[in-house]
Amino acid sequence: MVTPIEFDGSPTPSLGVEWEFALTDKVSGDLSNSAADLFTRVSEHCPARRDKVHKELLRNTVEIVTGICRDTPEAMADLTETLASVREHTEALGVDLYGAGTHPFAQWSTQLLTEGHRYAELIERTQWWGRQMLIWGVHVHVGISHRDKVLPILGALLNYYPHLLALSASSPMWAGQDTGYASNRAMMFQQLPTAGLPFQFATWAEFESFVADQKMTGIIDHINEIRWDIRPSPHLGTIEVRVCDGMTNVADLAAVVALIHCLVVELDRRLAAGETLPQMAPWLVQENKWRAARYGLDAIVILDSDCTERLVTDDLADLLTRLQPIARDLNCATELAHVADIAAHGASYQRQRHAYRETRDLREVVRSVVTELS
């Protein structure tokens, strides 16, 4: 029997951001399994912020989250305040916050699992691939008023998947080697059984049937275990965009968050005006993901069902112009404009490669990422 999935709609296009960080040793630059000590210190000394600092699968990771925000400036202020509280304690532990999609030389075999039945069960099921998940990302929630809007907006948002991944790509290196990809994280994460691109359902009833099948066959126990790159979050009343690599600084993060917020709101308004939102075939969406992961800001992306192709940065320039009125409404015009700066001056994956070319030292790559957050 299919159980209805209630969508607790948001009356406004609210915003929430989740920002994952690795912890790196100040001396060696390697990952540090010290998250438990950091959580203890934050809980003791910053109790007002402890609900905004979360555990993740591995003990080398900390996630900082916002509350429910109205706009990008409010979300950035929330994150910045929590960051300041957390960084009061990283110094004493001899660690830095490292905000990128992967670490350039860490080995998975030395990483410790966070205590908890959910994490242990995930590793028991996924084995080698689960243990490989030395990856960090950014998740952005945008409030949607009604469940019938969710899937059309999600499907249309997939057309902008390569734009978001190219801008945020920050994971070119893995286990001491340059992978040749701008985002190796995107390729790694999709190996988990419920991760990767979402299925493109036409109706909410189809989504409910899918979830029922997943639970019936033991693939998931809870809807949160569907780890799609873009997914509905029914209990929060949001669409959650999980496309992006970990971000290395607040300005770049604000730009990508503003872009996501504007895109979702624009699609919502077009849908409310009676427009049928454009969607592309799954195989075209899949190709775009690969192109953005491989080539980043140099990707030639597919724009529509007619297979029109264009350099992603050229398309971003037109997209920013189109979204300017939305950005003014959402109080994020300044942040959205910074997207053009990323496109013009380079994303994190490019800066990391430059740091390595200049020094031939992967520890300097780590240092360059850490320094960007300062």
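Residues numbered from 1 in each chain as written. Predicted model: local features only at pLDDT ≥ 70, side-chain atom pairs only at ≥ 80, totals over all residues. Heavy atoms only, no water.

A. Layout of the packing of helix α8 (residues 250-272) against helix α11 (residues 333-345). At a closest axis distance of 7 Å, the pairing of α8 and α11 adopts a crossing angle of 115°. Where α8 crosses over α11, the two elements pack in a sense that is left-handed. Seen from α8, the contacting residues are Ala-251, Asp-252, Ala-254, Ala-255, Ala-258, Leu-259 and Cys-262; seen from α11, they are Glu-335, Leu-336, His-338, Val-339 and Ile-342. Broken down by class, the residue content of the contact of α8 with α11 amounts to 9 nonpolar, 1 polar and 2 charged. (Axes fitted to C-alpha atoms, helices over the stretch in contact; angles between N-to-C directions. Helix = DSSP H or I, 4+ residues; strand = E, 2+ residues; numbered from the N terminus. Left-handed = near helix turned anticlockwise from the far one by under 90°. Contact = heavy atoms within 4.5 Å. Nonpolar A, V, L, I, M, F, W, Y, C, P; charged D, E, K, R; others polar.)

B. Structural view of the nonpolar core. Judged by nonpolar contacts, the single largest core of 99 residues is most densely connected at Trp-19, Phe-207, Leu-253, Leu-259, Ile-260 and Leu-336. Per element, the largest residue contribution to this core is 13 residues, and it comes from α8. Within the second largest apolar cluster, 27 residues are counted, among which are Tyr-98, Tyr-119, Leu-362 and Val-366. (Core = buried A, V, L, I, M, F, W, Y, C linked by side-chain atoms within 4.5 Å. Buried < 20%, exposed > 50% of the residue type's maximum accessible area, 1.4 Å probe, protein only.)

C. Inspection of the pairing of strand β3 (residues 61-65) at higher detail. Burial within β3 is extensive, with 5 of its 5 residues counted as buried. A two-sided burial pattern is seen for β3, the buried positions comprising Thr-61, Glu-63 and Val-65 on one face and Val-62 and Ile-64 on the other. As judged from the 5 bridges shared by strand β1 (residues 15-25) and β3, these two strands associate in the antiparallel manner. Pairing of Glu-20 across the sheet is with Glu-63, part of β3. (Pairing = 2+ DSSP bridges.)

D. Looking closely at the packing of helix α5 (residues 161-168) against helix α10 (residues 312-329). The interhelical angle for the contact between α5 and α10, taken along N-to-C directions, is 105°, at an axis separation of 10 Å. Classed by the angle they form, the pair α5 and α10 counts as roughly perpendicular. On the side of α5, the interface is formed by Pro-162, His-163, Ala-166 and Leu-167, while α10 contributes Val-312, Asp-315, Leu-316 and Leu-319. Its residues assigned to classes, the contact of α5 with α10 shows 6 nonpolar, 1 polar and 1 charged. (Parallel < 35°, antiparallel > 145°, perpendicular 65-115°, else oblique.)

E. Looking closely at helix α13 (residues 362-373). Looking at α13, one finds that the buried residues are Leu-362, Val-365, Val-366, Val-369, Val-370 and Leu-373. For α13, the angular spread of buried residues about the axis comes to 130°, placing them on one side. Residues of α13 that are buried sit in contact with β1, α2 (72-93), β4 (95-98), β6 (173-174) and α12 (348-359). Two to three positions downstream of the cap, the backbone nitrogen of Arg-363 sits 2.9 Å from a side-chain oxygen, assigning the N-cap of α13 to Asp-361. (Arc of directions from axis to C-beta. Polar contact = N/O pair within 3.5 Å; in protein donor to acceptor, adjacent residues only side chain to side chain.)

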